[in-house]
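Descriptive structure summary
Chain by chain, the residues:
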Amino acid sequence: MTATSSTNAATPAETIPPRWDMTTIFPSLTSPEFQTAFDAAVSGIGALAQAFDAHEVRRSETSDADENFVAAFEAITQQMEALTEQIRTLRSYVGCFTSTDANDDAAQSRESLLNARMVPLDQLQTRYVAWVGAHDVEALLARSEMARGMAFGLRRAHFLARHQMTEAEEALASELRPASITGWARLHGNMSALLTADVTVNGATRTLPLSSVRALSADPDRAVRQAAFEAELKAWEGVAVPFAAALNGVKGFQQTLRRKRGYADDVEPTLTANSIDRATLDAMQTACIEAFPDFRRYLRAKAKKLGLAKLAWHDLNAPVGASVKTWAWPEAEGFIRENFGRYTPRLADFADRAFREQWVDAGPRVGKEGGAYCTGIRGGESRVMMNFDGSFGSVSTL
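The structure presented is a predicted model; accordingly, all values stated were derived computationally and were not measured. (Residues numbered from 1 in each chain as written. Predicted model: local features only at pLDDT ≥ 70, side-chain atom pairs only at ≥ 80, totals over all residues. Heavy atoms only, no water.)

To continue, consider the packing of helix α9 (residues 181-194) against helix α12 (residues 240-260). Here α9 crosses α12 at 150°, and the two axes come no closer than 8 Å. If you check the angle between α9 and α12, you find them roughly antiparallel. With respect to the hand of their crossing, α9 and α12 are arranged in left-handed fashion. Along the contact surface, α9 presents I181, W184, A185, L187, H188, M191 and S192, while α12 presents P242, F243, A245, A246, G249, V250, F253 and Q254. (Axes fitted to C-alpha atoms, helices over the stretch in contact; angles between N-to-C directions. Helix = DSSP H or I, 4+ residues; strand = E, 2+ residues; numbered from the N terminus. Parallel < 35°, antiparallel > 145°, perpendicular 65-115°, else oblique. Left-handed = near helix turned anticlockwise from the far one by under 90°. Contact = heavy atoms within 4.5 Å.)

Here we take up the sheet that holds strand β5 (residues 381-385). Spatial ordering of the open sheet is given by β3-β5-β4, a layout of three strands whose pairing is mixed. Edge strands, defined here as strands with exactly one partner in the open sheet, are β3 (360-361) and β4 (373-378). With five bridges connecting them, β4 and β5 associate as antiparallel partners. Bridging from a neighbouring strand, G376 pairs with S382 of β5. Where helix α2 (residues 67-100) meets the sheet, it contacts β3, β4 and β5, and its direction lies at approximately 140° from that of β4. (Pairing = 2+ DSSP bridges.)

Let us look at the packing of helix α1 (residues 32-54) against helix α4 (residues 119-133). The interhelical angle for the contact between α1 and α4, taken along N-to-C directions, is 30°, at an axis separation of 10 Å. Taken together, α1 and α4 sit at an angle that is classed as roughly parallel. The handedness of the crossing between α1 and α4 is left-handed. The residues of α4 that touch α1, namely those facing I45, L48, A49, F52 and D53, are P120, L121, L124, R127 and Y128.

Mapping S144 onto the fold places it in the loop between α5 (137-143) and α6 (145-148). In sequence terms S144 and E74 are 70 residues apart; their C-alpha atoms lie 8.1 Å from each other. Each residue touching S144, except ones within four places of it in the same chain, is listed here: V70, F73 and E74. Here M146 takes part through its backbone nitrogen, which lies 3.4 Å from a polar atom of the side chain of S144. (Polar contact = N/O pair within 3.5 Å; in protein donor to acceptor, adjacent residues only side chain to side chain.)

Below, the structure written as structure tokens:
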């Protein structure tokens, strides 16, 4: 296939990347089915709170994991896990709408309401960690088969309990979260989703979402890559002030809690969240630094191959070679089915189901966030958000 500029390529209707089908979960955000599930979740939180009070689930002075504690632990955990599964579906469902259409007022409203209604659950989960963490986890594991099935999480709770603030302080932090760190993060997400850039190529100017602009970083035409790079920088400069405020809001909230919870620095909570220690992080960073000469050698070789004295920023993703393959969506589906099938028919069947049931929201558009994610929505079923641009990188992401 001869290299062509993607700004001039037409997309046949049958190759347009699909949007996902959310109606198999609920008919819509405003449907009675969604409202019923929402109300049931809120009611479930209230019932869980009553169970917590009945079993005195909170930080305790005793560490004995006796039979009474084991029985209470199993009853509370089973009830909490069932509720968490219900709420995961609600949160994922609503999040799928807000992340793919920042102009969807109904979705934004539902997400804000959901975040507010979930504050009591966050507070209960904090009490659960304090309760479990105060007891002898190893004795609990010895006495409960249910506990042994979640040993990692229980040992983690034992560690996290040591870094909790008082119950009242943790409750206040949960109440402030929707209007602080969550609100700032949503502002960033919405503004970046709605951001566009004017890219001028060969005298013609097109207004594109940033995900499409970024895809041009791999265009075979260097002039296209440079125009896209400069247009994106200009677009980001236009929102520098609100984005700086969002970053300060997010990091300020995190730093305040980090200090109150007694972590050594801002890195330690992130290490804890990702279940690695500092030595592992240091080893990874050292490996990167030691590999810099190899990466520089590669970049010099790429510059030479492209006939350049030195790569510019807009050359980093430039394709190398006389031809660049552009993947149509049906080709991407076929490639994945074929290669999953080479591993196991079960995996190929899973891909077939995902494509058949329309789990993927693939195409870039204004109002849709950049990047990609996979979210579990209910048992054995997920949804995939991405910004397919026809590159092999997009096929790999899918």
